[in-house]
Amino acid sequence: MLVSARSFDEYRAMFALTDDDLGLRVLDCPGGAASFVAEAGARGTDAVAVDPQYGEGRDLLGTLALREIEHKHADVADNAERFVWDWFGGPERYTRLRAASARAFAADLAARPDRYVAGSLPHLPFEDRSFDLVLSSHLLFSYGAQLSEEFHLSALIDLARVARREVRLFPVVLHTSDRRYAALDRLRAELAALGVPSRLDRVDYAFQPGGDEALVLDVRARGPLPTARPGSGAHYPVRWRHLGVPSA
């Protein structure tokens with residue numbers, strides 16, 4: 001999996017976040033090197049990020065993310081026709097915003113380390129209903145070719161478990177093909193059977209063609225949820241392209 005440094009403004013657009021949403025207790029899962037928690041916290045939002053990369057060696061994450069952004073810039077610029085630029089405007093602004101986000105993340109990680117919790121799906125280290133709103137971007141569905149449908153279901157259930165109001169996931173397309181995740185309707189039906197209805201919302205953000213929808217899970221009326229079954233977990237190592245090797 002790739003670690004990205006998305007900004008607060010990207011999060012607002014991807015998840016259609018309102019001022020009221022930002023008054024809630026929010027979880028970012030997985031947080032990667034995004035600056036959402038840093039920038040939202042500066043605005044008074046009670047926000048926490050969780051990611052398996054927040055364990056040992058996490059102090060290097062901001063630096064690694066900056067190098068990754070530098071490495072990726074040439075690829076994005078050389079293949080600009082593959083992406084949607086309505087939101088970013090072009091490769092130069094894309095790279096500038098991502099680099100600023102990585103620096104803000106690194107500074108906040110050093111200043112408020114308790115806001116960055118080591119953990120991974122489908123077994124998050126939080127009690128039931130710990131957060132009003134849970135945000136999850138660019139893991140589920142994006143890596144549908146690498147992560148099994150069973151993992152997706154277990155992960156969605158655990159995200160629903162730690163939420164009190166909603167879970168919002170973006171995008172619902174694979175990062176390699178720009179196609180909607182094939183088992184999405186089946187997963188939504190299984191969640192509905194567990195008392196977790198869902199909907200697809202169009203948002204004012206896209207970077208992949210066709211990637212402008214967020215899946216919203218309504219957990220306000222849900223009952224008890226099943227725990228993840230043994231073997232439903234997944235090991236998803238980070239791939240640092242600028243290093244050319246995966247990191248465990």
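In the block above lies the structure referred to throughout.
Here goes a summary of the coordinates provided.

The rules behind each value
- Residues numbered from 1 in each chain as written.
- Predicted model: local features only at pLDDT ≥ 70, side-chain atom pairs only at ≥ 80, totals over all residues.
- Heavy atoms only, no water.
- Helix = DSSP H or I, 4+ residues; strand = E, 2+ residues; numbered from the N terminus.
- Rg over C-alpha atoms; globule rule 2.2 N^0.38 Å.
- Buried < 20%, exposed > 50% of the residue type's maximum accessible area, 1.4 Å probe, protein only.
- Contact = heavy atoms within 4.5 Å.
- Areas by Shrake-Rupley, 256 points an atom, 1.4 Å probe, with all protein chains shown as cover.
- Lys, Arg positive; Asp, Glu negative; His and termini not counted.
- Charge placed at Lys NZ, Arg CZ, Asp CG, Glu CD.
- Core = buried A, V, L, I, M, F, W, Y, C linked by side-chain atoms within 4.5 Å.
- Pairing = 2+ DSSP bridges.
- Axes fitted to C-alpha atoms, helices over the stretch in contact; angles between N-to-C directions.
- Salt bridge = Lys/Arg side-chain N within 4 Å of Asp/Glu carboxyl O.
- Polar contact = N/O pair within 3.5 Å; in protein donor to acceptor, adjacent residues only side chain to side chain.
- Phe/Tyr/Trp six-rings, centres within 6.5 Å; stacked < 30°, edge-to-face > 60°.
- Parallel < 35°, antiparallel > 145°, perpendicular 65-115°, else oblique.
- Nonpolar A, V, L, I, M, F, W, Y, C, P; charged D, E, K, R; others polar.

Another point: the overall build of the chain. Tallying secondary structure elements over the chain gives 6 helices and 9 strands in all. Against the globule reference of 18 Å for 248 residues, the chain gives a C-alpha radius of gyration of 17 Å, in line with a compact fold. For the chain, the residues scored as buried account for 54% of the 248 residues in total. Of the contacts made within the chain by residues no fewer than 6 positions apart, 72% connect residues no fewer than 24 positions apart. Accessible surface, the chain as shown: approximately 11100 Å² in total, 49% of it carbon and sulfur. Counting 30 positive and 35 negative side-chain charges, the chain places the averaged centre of each group 1 Å from the other.

Next up on the list: the nonpolar core. Ranked by internal contacts, the top residues of the largest apolar core, which has 40 residues, are Y11, L17, F36, Y116, L135 and Y205. Only α1 (8–14), α2 (36–42), β2 (46–51), α3 (61–78), α4 (91–111) and β4 (131–137) provide two or more residues apiece to this core. C29, A183, V196 and L225 belong to the second largest nonpolar core, which has 37 residues in total.

Our focus in this paragraph is the sheet that holds β4. Taken together, the 7 strands give an open sheet; going across it, the order is β3-β2-β1-β4-β5-β7-β6, and neighbouring strands pair in mixed fashion. For this open sheet the edge positions go to β3 (116–118) and β6 (198–202), each flanked by a neighbour on one side alone. Averaged over all neighbouring strand pairs, the angle between strand axes comes to 25°, with direction disregarded. Strand direction decides the pairing type here: β6 and strand β7 (residues 213–218), joined by 5 bridges, are antiparallel. From the neighbouring strand, R199 faces β7, where its bridge partner is V216.

A separate point is the pattern of salt bridges. Going through the model one piece at a time under the given rule, you end up with 16 salt bridges. Note that R115 is salt-bridged to D46, the shortest N-O span being 2.5 Å. One end of the pair, R115, is in the loop between α4 and β3; the other, D46, is in strand β2, and 69 residues separate them in sequence. According to the relative accessible area criterion, D46 is partly exposed, its value standing at 29%. With its nearest N and O atoms 2.9 Å apart, the salt bridge here joins D218 to R220. Within the structure, one salt-bridge network assembled from shared partners comprises D21, E166, R168, R199 and D201.

A separate point is the side chain of S137. Positionally, S137 belongs in strand β4. For S137, a relative accessible area of 6% gives the class buried. Only 3.3 Å separates the side chain of S137 from the side chain of H138, close enough to count as a polar contact. Not counting residues within four places of it along the chain, the set of residues in contact with S137 comprises R6, Y11, M14, F15, C29, P30 and F170.

This brings us to the packing of aromatic side chains. Tallied over the full model, the rule gives 20 aromatic pairs. A ring pair is formed by Y11 and F15, whose centres lie 5.6 Å apart and whose planes are at 55°; its orientation type is tilted. Like F15, Y11 is buried. Relative to F207, the ring of Y94 has its centre 5.0 Å away and its plane inclined at 10°; by these criteria the two rings are stacked. Remark: F207 occurs in the loop between β6 and β7 and Y94 occurs in helix α4; sequence separation between them is 113 residues.

Interaxial distance between α3 and α4 falls to 9 Å at its minimum, and their mutual angle equals 175°. Judged by the inter-axis angle, α3 sits roughly antiparallel to α4. Between α3 and α4, the contacting residues are L61, G62, A65, L66, I69, K72, H73, V76 and A77 on the first element and P91, E92, Y94, T95, R98, A99, A102, R103, F105 and A106 on the second. Within the contact of α3 with α4, the residues separate by chemical class into 12 nonpolar, 3 polar and 4 charged.

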